[in-house]
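Structural characterization, general
The lines below spell out each chain.
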Amino acid sequence: MSKYIKTIVMAAVAVLAVAFPFYTGAYPQSIAQSVLTYMILAVSWDMLLRTGQISFGIAGFFGIGSYAAVLSMLYLNLPPMLTILIGGIIAGAIAGLLGIAVLRLRGMYFAIVTLAVAEIFRIIMTNLKGFTGGPEGELLPQLIFQGNPYLTYYLMFGMAVLTIIISEIFLRSRVHYALTAIRNDEIVARSSGVNIFKYLVIIFIVTSVIQGMTGGINAQTYGFVTPESSFSLDYTLLPLAMALLGGIYGTMGPVVGALLLGIVSEYLKLYIPYGHLVIYGIIVVIVILYMPQGIVGLAARIRKAGARNE
Amino acid sequence: MKTSKNLQLTIVGIAAAIGILLILWKPSVLIYGLQGAGLYAAVALPMALILGIVGIINLAHGEFMMLGAYLAYWFSTQFGIDPLLAMIPVLISMGIVGVITYKTTIHRVLGAPELNQLILTFGIAMVLSQVVNLIATSQPRKLSLDYVTASAKVGELSFGTYDFIFVAAAVLFLAGLLFFLRRTKLGKAAVAVGQNPKGARLVGINVDRTYLIIFSIALGLLGIIGTLFLTSHSIFPLVGGSYTMKSFCLVAMAGIGQLKPILWGSLALGVSESFIMSFQGYGGWADIVFFAIIVIVIISRAYKRTES
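Within every chain, residues take consecutive numbers counted from 1 along the sequence as written. Both sets of labels track the order of writing: A upward for chains, 1 upward for ligands. Whole-chain, interface and lining totals are the exception, using all residues; otherwise, since this is a predicted model, local features are given only for residues with pLDDT of at least 70 and side-chain atom pairs are given and counted only at 80 or more. Water and hydrogen atoms were dropped before computing side-chain values, which therefore reflect all heavy atoms in the structure.

When you go through chain A residue by residue, the secondary structure sums to 15 helices and two strands. Taken against the 2.2 N^0.38 rule, which gives 19 Å for 310 residues, the C-alpha radius of gyration of chain A at 20 Å falls within 12% of a compact globule. The buried share of chain A, reckoned over its 310 residues, is 55%. For the accessible areas, the method is Shrake-Rupley and the probe is 1.4 Å, while residue cover comes only from the protein chains on display. Accessible area for chain A stands at about 13,800 Å²; split by element, carbon and sulfur atoms hold 70% of it. Within this scheme the basic residues Lys and Arg register as positive and the acidic residues Asp and Glu register as negative, but His and the chain ends are omitted. Charged side chains are reduced to one point each, which is NZ for Lys, CZ for Arg, CG for Asp and CD for Glu. Considering chain A, the positive charge centre built from 17 side chains and the negative charge centre built from 11 side chains are found 13 Å apart. The helix count covers DSSP runs of H or I at least four residues long, the strand count covers runs of E at least two residues long, and both are numbered beginning at the N terminus. Using C-alpha atoms as the atom set, the radius of gyration is obtained and then compared with a globule rule of 2.2 Å times the number of residues to the power 0.38. Buried, partly exposed and exposed residues are distinguished by accessible area as a fraction of the type maximum, computed with a 1.4 Å probe on protein chains only: under 20%, between the cut-offs, and over 50%, respectively.

So, about a positive patch on the surface. Residue and element names in this part refer to chain A. Patch construction takes residues with relative accessible area above 30% that form no salt bridge. Like charges are linked within 9 Å, and nonpolar side chains (Val, Leu, Ile, Met, Phe, Trp, Tyr) are linked within 5 Å. We define a salt bridge as a contact between a side-chain nitrogen of Lys or Arg and a carboxyl oxygen of Asp or Glu at a distance within 4 Å. Side chains of Lys6, Arg303, Lys304 and Arg308 sit close together on the surface and give a patch of like positive charge. Counting residues per element, the positive patch draws most heavily on helix α15 (residues 294-309), at three residues. With respect to the helices, strands and loops of the structure, lysine 6 is situated in helix α1 (residues 2-19). Given the relative accessible area of 55%, lysine 6 is considered exposed.

All names here are of chain A. Taken as a whole and judged by the stated rule, the model has five salt bridges over all chains. As a salt-bridge pair, arginine 122 and glutamate 228 come within 3.5 Å of each other at their nearest N and O atoms. With arginine 122 in helix α5 (residues 107-127) and glutamate 228 in helix α11 (residues 227-230), this residue pair connects regions lying 106 residues apart in the sequence. Note that glutamate 168 and arginine 172 form a salt bridge whose closest N and O atoms lie 2.4 Å from each other. Taken together, the positions of glutamate 168 and arginine 172, both in helix α7 (residues 149-172) and four residues apart, correspond to about one turn of that helix. Judged by its relative accessible area of 60%, arginine 172 falls in the exposed class. In the salt-bridge network here, residues are joined through shared partners; they are Glu119, Arg122 and Glu228.

Quick look at the interface of chain A and chain B now. Whether two residues are in contact is decided by their heavy atoms: any pair within 4.5 Å suffices. The partner chain B presents 39 residues to the 45 residues of chain A that form the contact. Contact between chain A and chain B buries roughly 3,800 Å² in total, counting both sides, with carbon and sulfur atoms accounting for 83%. By buried area we mean how much accessible surface two parts lose on assembly, using a 1.4 Å probe and totalling the loss over both. Its largest share of buried area at the contact with chain B, chain A owes to Met108, Tyr109 and Ile112 of chain A, together 16% of the area lost on that side. Taken together, the links from chain A to chain B amount to zero salt bridges. Here a polar contact is recorded for every N or O atom pair within 3.5 Å, except that within protein the pair must consist of a potential hydrogen donor and a potential acceptor, and residues adjacent in sequence are included only if both atoms are side-chain atoms. In this assembly, chain A and chain B are joined by zero residue pairs in polar contact (both at pLDDT 80 or more). Of all the secondary structure elements, the ones that give two or more residues to the side of chain A that touches chain B are α2 (26-49), α4 (80-102), α5, α12 (234-246) and α14 (277-290) of chain A. Residues are grouped as follows: Ala, Val, Leu, Ile, Met, Phe, Trp, Tyr, Cys and Pro are nonpolar; Asp, Glu, Lys and Arg are charged; all remaining types, including Gly, are polar. Its residues assigned to classes, the side of chain A that touches chain B shows 34 nonpolar, seven polar and four charged.

Shape descriptors only; they carry no functional weight alone.
If you want it as structure tokens, here you go:
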């Protein structure tokens with residue numbers, strides 16, 4: 001019964017999301033686009049988190065993808081869709097090299113390296129003035145799909161659906177059970193013969209490709225890159241807060257969190273233009289301290305408690 | 001054992017050779033490198049203290065220094081006192097901030113997975129920098145103090161001498177911490193807690209109180225550094241972020257729980273940074289030295305671990 005309802009709800013949400021651009025104006029549509037962007041980043045961040053490794057480098061791979069997409073279009077004249085793919089490939093390649101180097105170590109080393117990634121590439125993009133336009137960044141001569149908002153929305157929507165599917169596949173894979181075992185007790189998992197390192201690297205690459213491609217789509221949609229906006233802290237902090245609030249270690253949590261916070265954030269931006277990030281910081285702290293299972297986890301617990309009472 | 005001694009001698013020899021070459025070629029690089037190294041070491045020492053004893057990696061480290069700097073700015077502009085004098089109220093306020101932060105947040109995640117600790121301190125960092133951003137705006141602030149411009153002249157070369165205060169601070173911090181940890185009862189208890197909290201509890205040490213005290217001492221030290229930082233640098237809400245990473249880099253190079261090697265590590269980093277800055281037009285690349293070194297240090301650590 002409950003599975004039946006779940007399917008109906010999901011179908012309804014999908015229909016709503018597909019039909020969305022047709023019955024709303026330009027402003028809600030741009031909000032929806034940014035919600036989708038953050039949703040992808042939140043889900044991909046959570047995918048890596050499930051392995052017991054935490055990344056603070058979402059903005060880094062997002063920015064790398066943005067720059068790769070814009071620069072490959074400017075210098076190589078490639079079609080926009082291809083440049084988005086290149087954004088993902090370059091982000092994935094960098095993640096692969098870093099991952100092979102660092103993923104053998106305890107979580108904190110990996111966390112710091114990912115924190116440094118965004119900084120390193122922001123500095124490179126700011127200083128390679130001849131190639132990247134320096135602090136002013138680069139402008140694209142024309143937007144993807146000639147700036148058609150329907151098509152850009154569907155492009156991001158497609159990316160979100162793809163990310164959710166990949167996330168669900170990972171959740172159902174044997175690798176996932178091994179990784180959950182690792183997260184809960186690494187020594188037990190290691191002595192049971194699970195080769196964790198290979199899976200960690202693969203998942204890190206996959207999530208970075210997703211983040212890079214999302215950056216590429218975003219850059220192609222808005223037609224510019226600058227070091228400050230492409231490597232903005234928002235792209236790390238918001239997805240993190242969204243995933244935590246919604247509930248980590250699953251697909252549903254980050255999706256719910258992104259919908260909720262993504263819409264709220266638009267209003268926050270209007271009322272507190274400088275410093276609205278403080279809200280996300282507070283959410284991160286409070287969720288970690290008081291409800292580490294997030295909204296989805298809380299809802300599941302309430303439902304269970306309700307079932308027990310009946 | 002013998003090979004490691006030889007290796008040490010070789011490293012010292014190479015470092016000395018580089019030092020002598022630098023003195024002959026670009027003496028200013030060495031001077032500014034030394035001054036920069038003092039600042040890095042002084043900021044990194046409290047992080048090493050927290051990581052070594054409380055056992056958590058504080059990603060809000062640089063932000064606490066930033067908070068100290070803003071407090072010093074507030075005290076000195078509000079009451080018209082010299083920022084160096086403001087150091088005393090800043091030290092006390094940062095100690096209190098330490099107690100509050102520990103009691104309300106850190107204390108609750110001590111037993112939690114490392115991921116939760118990392119996310120929590122990352123969240124605290126965001127809250128600190130954004131609250132300061134809301135209250136003080138992102139406009140950079142700087143005090144103009146006449147003693148900061150003090151300079152000395154040796155032969156042809158003239159350089160600012162004030163920033164040697166960071167070298168003095170780093171050496172004093174290290175000496176003070178080593179004395180505290182080796183000679184005082186509380187310090188010895190803290191070392192015991194750092195090595196084995198369960199054992200320390202068994203022999204009657206109040207582990208929780210020790211954590212609280214160490215965390216507050218570390219934040220107090222950051223308050224002092226923040227004040228010194230304010231006297232010669234301009235401050236803005238995001239100024240601390242890179243110091244978190246630089247401190248971690250030094251702590252990771254030194255090895256967890258080690259204090260002395262931080263001095264040598266920061267010397268190497270400070271000098272190489274000022275070396276790059278000495279080339280006109282390439283100063284913007286200096287920051288990348290650190291991040292490159294972070295990655296190299298961590299990779300070499302991974303390599304060591306696979307070997308052993």
